[in-house]
2 protein chains.
Amino acid sequence: MKNKQNRLNAIKFIIANERIGNQEELLKRLYAQGFDLTQATLSRDLKQLKVAKTAASDGSYIYILPSSPLYKRITKGKLVHEDQVRSGFVSISFSANIAVIKTRPGYAGGIAYDIDEHDLPPVLATVAGDDTILLVIRENYTHHAVKQHLETIIPEMKIM
Amino acid sequence: MKNKQNRLNAIKFIIANERIGNQEELLKRLYAQGFDLTQATLSRDLKQLKVAKTAASDGSYIYILPSSPLYKRITKGKLVHEDQVRSGFVSISFSANIAVIKTRPGYAGGIAYDIDEHDLPPVLATVAGDDTILLVIRENYTHHAVKQHLETIIPEMKIM
DNA sequence: CACGATTATTTATAGATATGCAAAAATGTT
DNA sequence: AACATTTTTGCATATCTATAAATAATCGTG
């Protein structure tokens, strides 16, 4: 229980199994396991492990491990272009706070899924049928803004 | 560009599209977009949005959004929201006369059915997809009123 | 519109985290 | 082993973030 690798493993284990809210807490847990280090070192360890701190649902904060592929993708930032929507897009039109996207039969669900995934700011939500997507627009966004955002994931839309 | 919801959306958009390393930076970007707030408020916003701060691969720190269900599950640790598991309800948000209710996949139909059954005064109609319900609100009902009525049949909604 | 209740915000500050620098270990090289 | 090189660490502190308390704004209802 002496070298750095062991310590890193211990940190991962503790964070995975307990709700740790700050470094002092974690330091105590580590000390209880025979690891003697300072907050400065722990800060560097957490940086190296890419541990993240976020709000928990109970109002406190909690450290989390980057264990999921999705999370990893996010931590690397800039990931948008990886998977663009295959073509299936047919048309888009608007009525007040609703956009209606027509697709080729069967494509609505997939495209709606992709739109949802991207969490575009003007998009409150989507509902898909077989060849139609209803998209609810957030307040204070123009139709044009919606279109612009959608174009980042549905390039075919640009030529319209 | 004035209310809190707009600001939260702006924060999400900025974080999704830029590499933000601390709150002062984000504050400047928000100010450039016409949002005037203090670091204290921003800290609370980030807490509410469950934005996480983690190390980036280039040695700096970066804020990330909890955009994936997987990530959300992680942030909640092992105490996976029993509420949601039980009812299927995930979230509710509004845009003018539409309420959008997010559910766990497959639950939308069931919950929409329950809502219809109750004939709540503010509810004109519902349409359900797989994990989303669009609820059309009758005129002269506030968002808050809708929420209160729904809470009578979806108690889990209260914690939001 | 006025009042009570809730939500949002600021200020001031406490609390938590990151880091420059120097020292100490560890590792590698001849 | 002696020396150079790289890695790890602690100390002290700067930087960054969260929050209590007070105030302001907003909402819902009579």
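For the structure, see preceding data.
Basis of the calculations
- Residues numbered from 1 in each chain as written.
- Chains lettered and ligands numbered in written order.
- Predicted model: local features only at pLDDT ≥ 70, side-chain atom pairs only at ≥ 80, totals over all residues.
- Heavy atoms only, no water.
- Helix = DSSP H or I, 4+ residues; strand = E, 2+ residues; numbered from the N terminus.
- Buried < 20%, exposed > 50% of the residue type's maximum accessible area, 1.4 Å probe, protein only.
- Contact = heavy atoms within 4.5 Å.
- Near = heavy atom within 4 Å.
- Polar contact = N/O pair within 3.5 Å; in protein donor to acceptor, adjacent residues only side chain to side chain.
- Nonpolar A, V, L, I, M, F, W, Y, C, P; charged D, E, K, R; others polar.
- Phe/Tyr/Trp six-rings, centres within 6.5 Å; stacked < 30°, edge-to-face > 60°.
- Lys NZ or Arg CZ within 6 Å of the ring centre and 35° of its normal.
- Salt bridge = Lys/Arg side-chain N within 4 Å of Asp/Glu carboxyl O.
- Pairing = 2+ DSSP bridges.
- Axes fitted to C-alpha atoms, helices over the stretch in contact; angles between N-to-C directions.
- Left-handed = near helix turned anticlockwise from the far one by under 90°.

Undergrad: Please clarify how the side chain of Gln23(B) should be interpreted in this entry.
TA: Residues and elements named next belong to chain B. Within the secondary structure, glutamine 23 sits in helix H2 (residues 23-32). On the basis of relative accessibility, which here comes to 17%, the residue glutamine 23 falls in the buried class. Dropping the residues within four chain positions of it, glutamine 23 is found in contact with Gln39, Leu42, Ser43, Leu46 and Tyr63.

Undergrad: Would you explain the protein's contact with DNA strand C in this entry?
TA: Among the 18 residues in the neighbourhood of DNA strand C, the closest are listed as Gln39(A), Arg44(A), Tyr63(A), Arg7(B) and Thr41(B). The share of sugar and phosphate among atoms of DNA strand C within 4 Å of the protein is 60%. Arg7(B) has a polar side-chain atom sitting 2.7 Å from a phosphate oxygen of DNA strand C. Residue assignment for the surface near DNA strand C shows that the elements contributing at least two residues are helix H3 (39-49) of chain A together with helix H1 (4-17) and helix H3 (39-49) of chain B. Of the residues forming the surface near DNA strand C, the biggest block, five residues, is contributed by H3(A). A per-class count over the surface near DNA strand C returns five nonpolar, six polar and seven charged.

Undergrad: In this structure, what is going on with the packing of aromatic side chains? I would like to understand it.
TA: Each pair of aromatic rings is reported with the distance of its centres and the angle of its planes. Evaluated as defined, the whole model comprises zero aromatic pairs over all chains. If you follow Lys53(A) out to its NZ or CZ, it ends over the ring of Tyr61(A), 5.4 Å from the centre.

Undergrad: What's the story with the protein's contact with DNA strand D in this structure? I'm lost.
TA: Taken together, 20 residues lie around DNA strand D, and Arg7(A), Thr41(A), Gln39(B), Tyr63(B) and His144(B) are the ones closest in. In DNA strand D, atoms within 4 Å of the protein come 62% from sugar and phosphate. The separation between a base nitrogen of DNA strand D and a polar side-chain atom of Gln39(B) is 2.7 Å. Where the surface near DNA strand D is concerned, the elements lending two or more residues are helix H1 (4-17) and H3 of chain A together with H3 of chain B. A breakdown of the residues in the surface near DNA strand D according to their chemical character gives five nonpolar, eight polar and seven charged.

Undergrad: How do you make sense of the pattern of salt bridges when you look at a structure like this?
TA: Pairing between side chains of opposite charge can happen when the charged atoms of each approach one another. Under the defined criterion, the tally for this structure stands at six salt bridges over all chains. Glu18(A) is the salt-bridge partner of Arg29(A), the closest N and O atoms lying 2.5 Å from each other. Of the two residues, Arg29(A) sits in helix H2 (residues 23-32) while Glu18(A) sits in the loop between H1 and H2, which places them 11 residues apart along the sequence. Notably, a salt bridge pairs Arg19(B) with Asp58(B), separated by 3.9 Å at the nearest N-O pair. Here Arg19(B) is found in the loop between H1 and H2, whereas its partner Asp58(B) is found in the loop between strand E1 (52-55) and strand E2 (61-64), with 39 residues between them in sequence.

Undergrad: Mind showing me how you'd approach the pairing of E2(B) here?
TA: The side chains of a regular strand alternate between both faces of the sheet. All names here are of chain B. Both E1 and E2 contribute to a ladder of four bridges, which runs antiparallel. Across the sheet, the residue bridging to alanine 55 is tyrosine 61, located in E2. Counted along the chain from E1 to the antiparallel partner E2, the turn is five residues long, and its residue glycine 59 has a positive phi close to 95°.

Undergrad: Even after reading the chapter, I still don't get the sheet that holds strand E6 (residues 132-137) of chain B, so can you show me in this structure?
TA: The strands that make up a sheet are held in pairs by hydrogen bonds between backbone atoms, and each pair lies either parallel or antiparallel. Residues and elements named next belong to chain B. Spatially, four strands are ordered E3-E4-E6-E5 in an open sheet, and the strand pairing comes out antiparallel. The open sheet has two edge strands, strand E3 (89-95) and strand E5 (123-128), and neither has a second partner. Strand-to-strand, the axes of this sheet are offset by a mean angle of 20°, without reference to chain direction. Across five bridges, E5 lies against E6 in antiparallel orientation.

Undergrad: Quick question: what am I supposed to make of the packing of H1(A) against H2(A) here?
TA: Axes are the key here: two packed helices are described by the angle between their axes and the distance separating the axes. All names here are of chain A. Orientation of H1 relative to H2, taken along the N-to-C sense of each, is 120°, at an axis distance of 11 Å. As H1 packs across H2, the resulting crossing turns out to be right-handed. Between H1, through Ala10, Ile11, Ile14 and Ile15, and H2, the contact on the second element is made entirely by Leu26, Arg29 and Leu30. Class assignment for the residues of the contact of H1 with H2 results in six nonpolar, no polar and one charged.

Undergrad: What should I look at first to understand the sheet that holds strand E6 (residues 132-137) of chain A in this one?
TA: All names here are of chain A. Pairing in this open sheet of four strands is antiparallel, and the strands run E3-E4-E6-E5 from one edge to the other. The sheet is open, and its two edges are formed by strand E3 (89-95) and strand E5 (123-128), each paired on a single side. With direction set aside, neighbouring strand axes in the sheet form an average angle of 20°. Judged from the five bridges that link them, strand E4 (residues 98-103) and E6 form a sheet pairing that is antiparallel. By the bridge assignment, alanine 99 is partnered in E6 with leucine 135. Running over the sheet, helix H6 (residues 143-151) touches E3, E4 and E6 and is turned about 155° from E3.

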